[in-house]
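# Coordinate analysis (summary)
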Amino acid sequence: MTEYNFAYLDEPTKKMIRRAILKGLAVPGYQVPFASREMPMPYGWGTGGVQVTAACLVPEDRLKVIDQGADDTTNAVSIRAFFARVAGVATTTRTREATLIQTRHRIPETPLSPDQILVYQVPIPEPLRFLEPRETETRRMHALEEYGLMHVKLYEDIARHGAIATSYAYPALVNGRHVLDPSPIPRFDNPKLESPAIQLFGAGREQRIYAIPPFTRVVSLDFEDHPFEASKAEGACALCGATTSYLDEIVADDAGTRRFQCSDTDYCAERRA
Amino acid sequence: MNAETMSEAPLLSVRGLTKRYGGRIGCAEVDLDLWPGEVLGIVGESGSGKSTLLACLAGHLEADGGTARYDGRDVLTLPEPERRRLARTDWAFVHQHARDGLRMNVSAGGNVGERLMAGGARHYGDIRATAEDWLARVEIDPARIDDRPSQFSGGMQQRLQIARGLVTGPRLVLMDEPTGGLDVSVQARLLDLLRGLVRRMGLAAIVVTHDIGVVRLLADRLMVMKDGRVVEAGLTDRVLDDPQHGYTQLLVSSVLPT
Ligand SMILES: [Zn+2]
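Residues numbered from 1 in each chain as written. Chains lettered and ligands numbered in written order. Predicted model: local features only at pLDDT ≥ 70, side-chain atom pairs only at ≥ 80, totals over all residues. Heavy atoms only, no water.

Per an unreviewed UniProt entry, chain B carries the name Putative phosphonate transport system ATP-binding protein and comes from Jannaschia seohaensis.

As recorded in an unreviewed UniProt entry, chain A goes by Alpha-D-ribose 1-methylphosphonate 5-phosphate C-P lyase and comes from Jannaschia seohaensis. Of chain A, the UniProt comment under Function (unreviewed entry) reads exactly: "Catalyzes the breakage of the C-P bond in alpha-D-ribose 1-methylphosphonate 5-phosphate (PRPn) forming alpha-D-ribose." Note on chain A: under the UniProt heading Catalytic activity (unreviewed entry), the record states "alpha-D-ribose 1-methylphosphonate 5-phosphate + AH2 + S-adenosyl-L-methionine = alpha-D-ribose 1,2-cyclic phosphate 5-phosphate + methane + 5'-deoxyadenosine + L-methionine + A + H(+)". (UniProt positions renumbered as here; feature names shortened; annotations may be inferred.)

Set out below in structure tokens:
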């Protein structure tokens, strides 16, 4: 590990990323461009989140990494091992004990605290891209607060499915100003975007960083007659019995028996302990 | 126009509008006044500057000189946020090619509803009801509200584009060859529809076309452009029945290439 600087990235790079993070915190939801570096892992493996994590880590940190709520997937294990090696930081699977949590596609069930940082891996940072592929135009729309198109997307959803069918990456208005894509978290997690913790979003391939400061107002977009709902599968976790956590449906045996279990493995384990 | 409308101030007043493309003139020193509820036709062959003039007014091109006062403000120097707000509320633009004015991957209802949602409409049922009403007004079966424009004929796409623009009740509509590329029978139906909408809504409109038949049917007044300049202007009937300029005489006798 001596061949790397602490947390892999060199100090000037970390400084550049920290500047982008601070700018992101100063303008909640605004996508700050940054010069994404090559990381020793392919895009799609959270290179944006990894760079944000690297820029935030200090030796005293205790790092948790989750993928779809689980600490034990290949992606989560690799990133955790990576930072244990290049930063020598302590790691944990316990949400309560972590000082920095890097996540792909979930927000932990256990409420976060003001001394924690949540880092999201973001594949597509631009919420307007679905209907407006031109980057010059989407930037102008953000600058001028022209967000009618976001509601066109939701309108299309209702017209086609009878209800807002967007169940992941559900767009939200941050601090009454910028609409952001919260990364592909289930919309069940959207209410948790209003959090005491610092939330940082890193998109490596697209070279964007954005942020939600603690206790910032985050409103999921909707219509008066089709209000936002933080929906999830009806049922209870087969392991811990939880009915209020986000549940994954899994095939339990060769006979095709289906059952639910908490997507947040730490939350489930804590309930069973 | 009656005496009452004549007594009002012009809705749009253009003076000395000039646009150059390098050393070449796009349009030069164009003056025009448009009163509320009036339709102004601009005719000329391609390269005459008529589309350049329209594009400058719409903000699609930046003019090199002149003023265009609308509601007492020069729209040519309006800050971009205000210009865009104007463009999606009080003005509408009808493109020659419907695909330039429509979102082809969004349903007809979403296309018509976009300007409402951009203006803050947040009730799905109301937006949909308004979209259905507008589809009917442009003679599209409201049952097709969830179809995409790609499933529509060229004439329907053009009518959908008109509904998308008029849904916010604009006062000024800019049209660039609105019937271009359509079959003759489809053109006639579209012109009838446009004439009815313009009259009923009291719209002011500028219609740019090379088609004398279009302006004969739609326009109260006519401007003839050649090589970037206005060569003749007047009441449509007068200009068409008694053209003064030699070029207009050629244009009316339809010997010019389009
Ligand atoms: Zn559980």
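### Let's talk about the coordination of the zinc ion
Only A:Cys237 (SG), A:Cys240 (SG), A:Cys262 (SG) and A:Cys268 (SG) from the protein coordinate the zinc ion, and they sit 2.2 to 2.3 Å from it. Angles of 104 to 119 degrees at the metal separate the 4 donor atoms of the zinc ion, which places the site in the tetrahedral class. (Donors = N, O, S within 2.8 Å, 3.2 Å for Na, K, Ca; no water. Tetrahedral: all angles 85-135°; square planar, octahedral: opposite > 155°, others 65-115°.)

### Examining the sheet that holds strand β2 (residues 62-67) of chain A
Either a parallel or an antiparallel arrangement is found when strands of a sheet pair, and the pairing is made through backbone hydrogen bonds. Residue and element names in this part refer to chain A. Strand order in the open sheet formed by 7 strands is β1-β9-β8-β5-β4-β2-β3, and the pairing between neighbours is mixed. Each edge of the open sheet carries a strand with a single partner, namely β1 (32-33) and β3 (90-91). Bridging between β2 and β3 involves 2 bridges; their strand directions are parallel. Along β3, the bridge assignment pairs Leu63 with Thr91. (Pairing = 2+ DSSP bridges. Helix = DSSP H or I, 4+ residues; strand = E, 2+ residues; numbered from the N terminus.)

### Some thoughts on the domain arrangement of chain A
All names here are of chain A. Looking at chain A, the domain boundaries give domain 1 (11-126 + 174-219) and domain 2 (232-273). Spacing between the C-alpha centres of domain 1 and domain 2 amounts to 25 Å. Counting residues at the interface gives 15 residues for domain 1 and 10 residues for domain 2. Summing both partners gives a buried area of about 1,000 Å² for domain 1 against domain 2, and 44% of it is carried by carbon and sulfur. At the junction of domain 1 and domain 2, the tally comes to 3 salt bridges. Counting across the domain 1 and domain 2 interface gives 10 residue pairs in polar contact (both at pLDDT 80 or more). Residues of the side of domain 1 that touches domain 2, tallied by class, amount to 4 nonpolar, 5 polar and 6 charged. (Domains from an automatic or database assignment. Contact = heavy atoms within 4.5 Å. Buried area = accessible area lost by both parts, 1.4 Å probe. Salt bridge = Lys/Arg side-chain N within 4 Å of Asp/Glu carboxyl O. Polar contact = N/O pair within 3.5 Å; in protein donor to acceptor, adjacent residues only side chain to side chain. Nonpolar A, V, L, I, M, F, W, Y, C, P; charged D, E, K, R; others polar.)

### Considering the packing of helix α5 (residues 108-118) of chain B against helix α6 (residues 124-137) of chain B
Residues and elements named next belong to chain B. At a minimum axis separation of 9 Å, α5 and α6 run at an interaxial angle of 120 degrees. Considering how the two elements wind past one another, α5 and α6 form a crossing that is right-handed. Between α5 and α6, the contacting residues are Ala108, Gly109, Val112, Gly113, Leu116 and Met117 on the first element and Ile127, Thr130, Ala131, Trp134 and Leu135 on the second. Grouping the constituent residues of the contact of α5 with α6 by class yields 8 nonpolar, 3 polar and no charged. (Axes fitted to C-alpha atoms, helices over the stretch in contact; angles between N-to-C directions. Left-handed = near helix turned anticlockwise from the far one by under 90°.)

### Description of empty space enclosed by the protein
If a probe the size of a water molecule is rolled over the atoms, the empty space left behind becomes visible. Residues and elements named next belong to chain B. Per the stated rule, a full pass over the model turns up 2 cavities of 30 Å³ or more. The calculated volume of the largest cavity comes to roughly 50 Å³. Taken together, Leu57, Ala58, Val75, Leu78, Arg83, Leu86, Ala87 and Trp91 make up the lining of the largest cavity. Taken together, the elements giving at least two residues each to the lining of the largest cavity come down to α2 (50-58) and α3 (80-89). Ranked by residues supplied to the lining of the largest cavity, first place goes to α3 with 3 residues. For the lining of the largest cavity, a count of residues per class yields 7 nonpolar, no polar and 1 charged. When its volume is computed, the second largest cavity comes out at roughly 30 Å³. Listed by contribution, the elements that provide at least two residues to the lining of the second largest cavity are α7 (154-166), β7 (172-176) and α8 (184-201). Of the residues that constitute the lining of the second largest cavity, the class distribution is 8 nonpolar, no polar and no charged. (1 Å grid on protein atoms, 1.4 Å probe; cavity = no way out; pocket = protein on both sides within 12 Å on 5 of 7 lines; lining within 4 Å. Points joined across faces, edges and corners; volume = space filled by probe spheres on them.)

### Details of the packing of aromatic side chains
Applying the stated criterion across every chain yields a total of 9 aromatic pairs over all chains. The interplanar angle of 65 degrees and the centroid separation of 6.0 Å between the aromatic rings of A:Phe223 and B:Tyr124 together place this pair among those described as edge-to-face. Taken together, the residues A:Phe223 in the loop between β10 (218-220) and β11 (247-251) and B:Tyr124 in helix α6 connect one chain to another. Here A:Phe223 matches B:Tyr124 in class, with each residue buried. Seen from their ring centres, B:Tyr70 and B:Trp91 are 5.2 Å apart, and the 80 degrees between their planes marks the pair as edge-to-face. In this pair, B:Tyr70 is assigned in strand β4 (residues 65-70) and B:Trp91 in strand β6 (residues 91-94), connecting sequence segments 21 residues apart. Look at B:Tyr70 and you get buried, because its relative accessible area is 2%. (Phe/Tyr/Trp six-rings, centres within 6.5 Å; stacked < 30°, edge-to-face > 60°. Buried < 20%, exposed > 50% of the residue type's maximum accessible area, 1.4 Å probe, protein only.)

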